[in-house]
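Coordinate inspection notes
The primary structure of each chain is shown beneath.
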Amino acid sequence: KVVQQLMIAVIYGGIYSLGDSQSSIQDRFGLLSLIAIGAGNLAIASTIRAFPKEKSIVNAERAKGMYSVAPYFLSKVVAEAPVSAAVSALGGAALYPLVGLNRGKGKFERFVLTLVLEGLASGALGLFIGAVAPTTDTALALFPPFLVLMIVFN
């Protein structure tokens, strides 16, 4: 995941060199859209396959009354949050100076925080899709419709 984020940052850094012109504003919008879509896509794709593999174990433990769905889901999200946040922050930190985004006070921090929050939300969505799908193949088949909705409502 880390290498993937760094390669994306290098590729986008090679494509985009933002300034203050009208075309640069359009490039900025395109870049930010690509970043939002890519970050969500990466987070969902990395978590969507996780739950179907664990489903039989979780169902057996739930049948024994060890825990309910909500505590399991929340603990899963919280356990994966540090890694997801670190990967998102690293990708954002590498990308920001390479493409020439605004160097104003607090802009970088807000950008990275936005990427981290999107990564966490998308990771939780991936776990949810994986949880409602009976198999990994079904979860992967449900992924494209969610991705299209994320792109449309970007």
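This write-up is about the structure you can find in this document.

Glancing now at the overall build of the chain. Helix and strand counts for the chain stand at 6 helices and 0 strands. Going from the N terminus to the C terminus, the chain shows its helices and strands as α-α-α-α-α-α. If you line up the chain on its principal axes, its C-alpha atoms span 60 × 30 × 25 Å. Each of the 154 residues in the chain was classed as buried or not, and the buried ones make up 34%.

Contact geometry for helix α4 (residues 69–99) and helix α5 (residues 107–132): axes closest at 8 Å, N-to-C directions at 140°. Classified by the angle their axes make, α4 and α5 are oblique. Here the hand of the crossing between α4 and α5 comes out right-handed.

As a further point, take α4. End to end, α4 covers 42 Å across 31 residues, agreeing with the expected 45 Å (1.5 Å per residue, within 8%). At alanine 81, α4 shows its largest kink, close to 40°, and the proline proline 82 lies no more than four residues downstream. The set of residues buried in α4 consists of Tyr72, Lys76, Ala81, Ala85, Val87, Ser88, Gly91, Gly92, Ala94, Leu95, Tyr96 and Val99. Structurally, α4 contributes buried residues whose contacts are with α1 (2–15), α2 (22–47), α3 (50–63) and α5. Of the residues one or two after α4, glycine 100 is the one with positive phi, at around 80°.

Definitions and cut-offs
Residues numbered from 1 in each chain as written. Predicted model: local features only at pLDDT ≥ 70, side-chain atom pairs only at ≥ 80, totals over all residues. Heavy atoms only, no water. Helix = DSSP H or I, 4+ residues; strand = E, 2+ residues; numbered from the N terminus. Buried < 20%, exposed > 50% of the residue type's maximum accessible area, 1.4 Å probe, protein only. Axes fitted to C-alpha atoms, helices over the stretch in contact; angles between N-to-C directions. Parallel < 35°, antiparallel > 145°, perpendicular 65-115°, else oblique. Left-handed = near helix turned anticlockwise from the far one by under 90°. Expected span 1.5 Å × (residues − 1). Bend = angle between axes of the 7 residues up to and from the residue. Contact = heavy atoms within 4.5 Å.

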